[in-house]
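The primary structure of each chain is shown beneath.
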Amino acid sequence: MTRYDYDLFVIGAGSGGVRASRVAAAHGAKVAVAEEFRVGGTCVIRGCVPKKLLVYGAHFAEDLRDASRFGWDVPQPCAFDWPRLRDTVQDEVTRLEGLYTQTLDNNKVERFLERATITGPNEVTLASGRKISAHIILIAVGAWPVRPDCPGSELGITSNEAFHLESLPRRVVIAGGGYIANEFAGIFHGFGSHVTIVNRSDTILRSYDTQIRDRLLQISVSKGIDFRFNAPFKKIEKQEDGSLLVHVGSGDPLPADMLMFAIGRNPNTDGLGLDSAGVELGKNGAIKVDADNRSSVPSIYAIGDVTDRVQLTPVAIREAQAFADTIFGNKPHQVDYAAIPSAVFSHPPMGGVGLTEKQARDQYGSAKIFTSDFRPMKNVLADRHERALYKMVVHPENDVVLGLHMIGPDAPEILQAAAIAVKAGLTKQAFDDTVALHPSMAEELVLMR
Ligand code: NDP
C-alpha cells in the first residue's frame, strides 16, 4: 500500500498537464489533477486555438475582397458581425474543453477544479483547505501575460481578455512586437480596426530571420498597420469619453479605444507555495529543472511554460510525455530541443525552423543562402501585391540544410512538412533531387538555385 494519496498530483490541466496525467495514468499510476480555471489551459481556452480561429475569421476580409477577381460578386463593403464570431469561437472552446475533460475521465484521472498550492515536497493544499499527499508533484501551471510597470497600465487588456470583447474597438494600440502582437494586429486589422504596434526596441519578432521579419513589417505597413519603435510606455490616461491616451517614447501620445499588452508571458509561479518546499526559481520566476524536468526538490517536477524554456504548446506536450514515460512508464527519454519549428499566424503567416542566417554565420563563420522571392499565383490573379519569401540556410561545407524560413500564404502548413527534412539533417541536394509539385508555392523549396 502506498504512503501517499496519489502517485502523481499535477497542478494545471493545460496541454502539458493533461498529457502528463493521462500518460502516467495509462502507465498504471494513480493520478489527480487540479485546475483553477478551465480544463485545456492557455492553448485551448485563451491561446492557440481561439486565436487561430480568429485568424481564419480575419482572413475572410481579404478573401472576400479578392473574390471579385475570381468571378464572385460579393457586396462591398461586407458586414462583419464580431459577436457572432466571438460566440462561435467560444462554443468551439467549450467543446474542446469537454473533450479534454473526457480524456482525463477516460483515463481515471481525478479532477479537482480549484486552485492547488504546494505546502511541502509531497503535499498540496486545495483552495477548499483539503490537504493531499503525492509521491510526485508535477507543476504545469503555464505562464501569464506581463503588464508594464507604468501609471495606468491597468487600463490595458491582455490576450486573455481579447477573446471576450463586447464590441470591436475602432483604434487599437498593441504593446510588444512579438508573436501575440503581430498575430492580433492581423486579426484586428482584418476586422476593420486601425492598429498601431508599439515596441520598446527597433524590431519585431527578434528571434526570426531578419529578411523574413522585414518582409512582414513591409507587408503590414502596406496594409495600413502603423508601427512605433524604440517607444517604451510612459503612462496611459483615460479620457472623458472613455477612450485612452497612450504616452510612449518621445512622439505624440496615441489615442486608442483599446490597448492590449503583448510584451511576453512570465511563469505563473506567484503564490504557488514553491518557497515552502524549497523549489529553486530562475529568471522571471521560472522553475529551474534538469533535462528530466526535475526541480531542485527531487519529488517535484515541472514542464511547459512555467519552466520558460521554449514557450510552445507542442514542446510542453513533449516534455509531459517524456516526464510520464520516464517516471511512470519505465521508458526514460528526454526532449530534443534542436530544430523546433515555429510559426507566427500573422497576415500573411510566417514560420521558421533551424538556424537563421545570422545564427549560421555566427556558428560556422559563413553560410550558403538560397532565397525565392515570388508573388503567389493567387495573389497575382487577385491583383494583390504581397510577395512571399522563402529562405534556405545551408552549411558552408557539407551542404546540410541548417534552417528554413518563410513568409507567405500557408507558410506554417508548408514549413511543418519541410521541417522533417531539416530535422533529419538532409542536404540541399536532397531538396534539389525532389521533383517539384506544380503548381504550388511549396515547389519553390526544391527549385532554389
Ligand atoms: P514575445 O516574447 O513573442 O514578444 C514580446 C515582445 O514584447 C517583444 O517585442 C519584446 O521586445 C517586448 N517586451 C518584452 N518585455 C517587455 C517589457 N518589459 N516592456 C515592454 N516591452 C517588452 O511575447 P508574446 O507576449 O507575444 O508571446 C509570449 C510567448 O507565447 C511567445 O514568446 C511564444 O513563445 C508564445 N506564443 C506562441 C505563438 C505561436 O506559436 N504562434 C503565438 C502566441 C504566443 P524586444 O523587441 O525588445 O524583444
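See the structure shown above.
Here we summarise the structure given alongside this text. (Residues numbered from 1 in each chain as written. Predicted model: local features only at pLDDT ≥ 70, side-chain atom pairs only at ≥ 80, totals over all residues. Heavy atoms only, no water.)

### Things to note about the overall build of the chain
Then, number 1: In terms of helices and strands, the chain carries 13 helices and 22 strands.
Then, number 2: Relative to the compact-globule value of 22 Å for 449 residues, the chain shows a C-alpha radius of gyration of 24 Å, a close match.
Then, number 3: Expressed as lengths along the three principal axes of its C-alpha atoms, the size of the chain is roughly 70 × 65 × 45 Å.
Then, number 4: The buried share of the chain, taken over its 449 residues, is 51%.
Then, number 5: Sequence separation of 24 or more characterises 62% of the internal contacts of the chain that already satisfy a separation of 6 or more.
Then, number 6: Across the chain, the mean location of the 48 positive side-chain charges is 1 Å away from that of the 54 negative side-chain charges. (Helix = DSSP H or I, 4+ residues; strand = E, 2+ residues; numbered from the N terminus. Rg over C-alpha atoms; globule rule 2.2 N^0.38 Å. Buried < 20%, exposed > 50% of the residue type's maximum accessible area, 1.4 Å probe, protein only. Contact = heavy atoms within 4.5 Å. Lys, Arg positive; Asp, Glu negative; His and termini not counted. Charge placed at Lys NZ, Arg CZ, Asp CG, Glu CD.)

### As for the site of the ligand
Then, number 1: Taken together, the neighbourhood of the ligand is formed by 20 residues, with Ile-180, Arg-200, Ser-201, Gln-311 and Ala-343 sitting nearest.
Then, number 2: Asn-199 is positioned such that a nitrogen or oxygen atom in its side chain is 2.8 Å from an oxygen atom of the ligand.
Then, number 3: Relative to its unbound accessible area of 910 Å², the ligand is 75% covered by the protein chains.
Then, number 4: Of the residues forming the shell around the ligand, the biggest block, three residues, is contributed by helix α6 (residues 179–190).
Then, number 5: Among the residues forming the shell around the ligand, the class breakdown is seven nonpolar, eight polar and five charged. (Near = heavy atom within 4 Å. Polar contact = N/O pair within 3.5 Å; in protein donor to acceptor, adjacent residues only side chain to side chain. Areas by Shrake-Rupley, 256 points an atom, 1.4 Å probe, with all protein chains shown as cover. Nonpolar A, V, L, I, M, F, W, Y, C, P; charged D, E, K, R; others polar.)

### Comments concerning the packing of helix α1 (residues 15–26) against helix α4 (residues 82–106)
Then, number 1: Running from N to C, α1 and α4 cross one another at 25°; their axes reach a closest spacing of 9 Å. Considered as vectors, α1 and α4 are oriented roughly parallel to each other. Pair α1 / α4 crosses with left-handed handedness. For the pair formed by α1 and α4, the contact residues are Ser-15, Val-18, Ser-21 and Arg-22 on the first element and Tyr-100, Thr-103 and Leu-104 on the second.
Then, number 2: The residue makeup of the contact of α1 with α4, split by class, is three nonpolar, three polar and one charged. (Axes fitted to C-alpha atoms, helices over the stretch in contact; angles between N-to-C directions. Parallel < 35°, antiparallel > 145°, perpendicular 65-115°, else oblique. Left-handed = near helix turned anticlockwise from the far one by under 90°.)

### Some words on unusual backbone geometry
Then, number 1: Along the chain, Gln-76 connects to Pro-77 via a cis peptide bond; the corresponding omega equals -5°.
Then, number 2: Here Pro-77 lies in the loop between α3 (48–66) and α4.
Then, number 3: The omega torsion of the bond from His-347 to Pro-348 falls at 0°, within 30 degrees of zero and hence cis.
Then, number 4: One can find Pro-348 in the loop between β18 (342–344) and β19 (350–354).
Then, number 5: In this structure, Asp-399 takes a positive phi of about 75° despite not being glycine.
Then, number 6: The topology assignment puts Asp-399 in the loop between β21 (388–394) and β22 (401–407).

### A few points about the packing of aromatic side chains
Then, number 1: Overall, the coordinates contain 13 aromatic pairs when judged by the stated rule.
Then, number 2: A connected cluster of aromatic rings, assembled from ring pairs, spans Tyr-6, Phe-9 and Phe-112.
Then, number 3: Lys-30 extends its terminal NZ or CZ atom over the ring of Tyr-6, reaching a point 5.0 Å from the ring centre.
Then, number 4: Its end group placed over the ring of Phe-370, Lys-428 keeps NZ or CZ at 4.4 Å from the ring centre. (Phe/Tyr/Trp six-rings, centres within 6.5 Å; stacked < 30°, edge-to-face > 60°. Lys NZ or Arg CZ within 6 Å of the ring centre and 35° of its normal.)

### Some remarks on the pattern of salt bridges
Then, number 1: Following the criterion strictly, the structure yields 25 salt bridges and no others.
Then, number 2: With a shortest N-O distance of 3.4 Å, Asp-81 and Arg-84 are connected by a salt bridge.
Then, number 3: For Asp-209, the salt bridge identified is with Lys-391, shortest N-O distance 2.8 Å. Of this pair, Asp-209 sits in the loop between β10 (194–198) and α7 (210–223) while Lys-391 sits in strand β21, and the two are 182 residues apart along the sequence.
Then, number 4: On the basis of relative accessibility, which here comes to 3%, the residue Asp-209 falls in the buried class.
Then, number 5: Via salt bridges that share partners, Glu-62, Asp-66, Lys-223, Arg-384 and Glu-386 belong to a single interconnected network. (Salt bridge = Lys/Arg side-chain N within 4 Å of Asp/Glu carboxyl O.)

### Considerations on the sheet that holds strand β20 (residues 368–374)
Then, number 1: In spatial order, the strands read β18-β19-β22-β21-β20; together these five strands make up an open sheet with antiparallel pairing. Each edge of the open sheet is held by one strand with a lone partner, namely β18 and β20. If you compare each strand with its neighbour and ignore which way they point, the axes differ by 10° on average.
Then, number 2: In this structure, β21 lies alongside β22, joined through six bridges in antiparallel fashion. Its bridge partner being in β22, Lys-391 is matched across the sheet by His-405. (Pairing = 2+ DSSP bridges.)

### Quick word on a nonpolar patch on the surface
Then, number 1: A cluster of nonpolar side chains, Phe-70, Trp-72 and Leu-381, forms an exposed patch at the surface whose accessible area comes to about 350 Å².
Then, number 2: On the secondary structure map, Leu-381 appears in helix α11 (residues 377–381). (Patch = residues over 30% accessible without salt bridge, like charges linked within 9 Å, V, L, I, M, F, W, Y side chains within 5 Å.)

### Structural notes on the environment of Ser-296
Then, number 1: Residue placement: Ser-296 occurs in the loop between α8 (274–277) and β17 (300–302).
Then, number 2: Accessibility expressed as a relative area gives 37% for Ser-296, which makes it partly exposed.
Then, number 3: Once the C-alpha coordinates of Ser-296 and Gly-178 are considered, the two residues, 118 residues apart in sequence, prove to be 31 Å apart.
Then, number 4: When sequence neighbours within four positions are dropped, the list of residues in contact with Ser-296 reads Gly-278, Val-279, Glu-280 and Lys-288.
Then, number 5: Engagement of the side chain of Ser-296 in a polar contact is seen with the backbone oxygen of Gly-278, the distance being 3.3 Å.
Then, number 6: A distance of 2.8 Å separates a polar atom in the side chain of Ser-296 from the backbone nitrogen of Glu-280.

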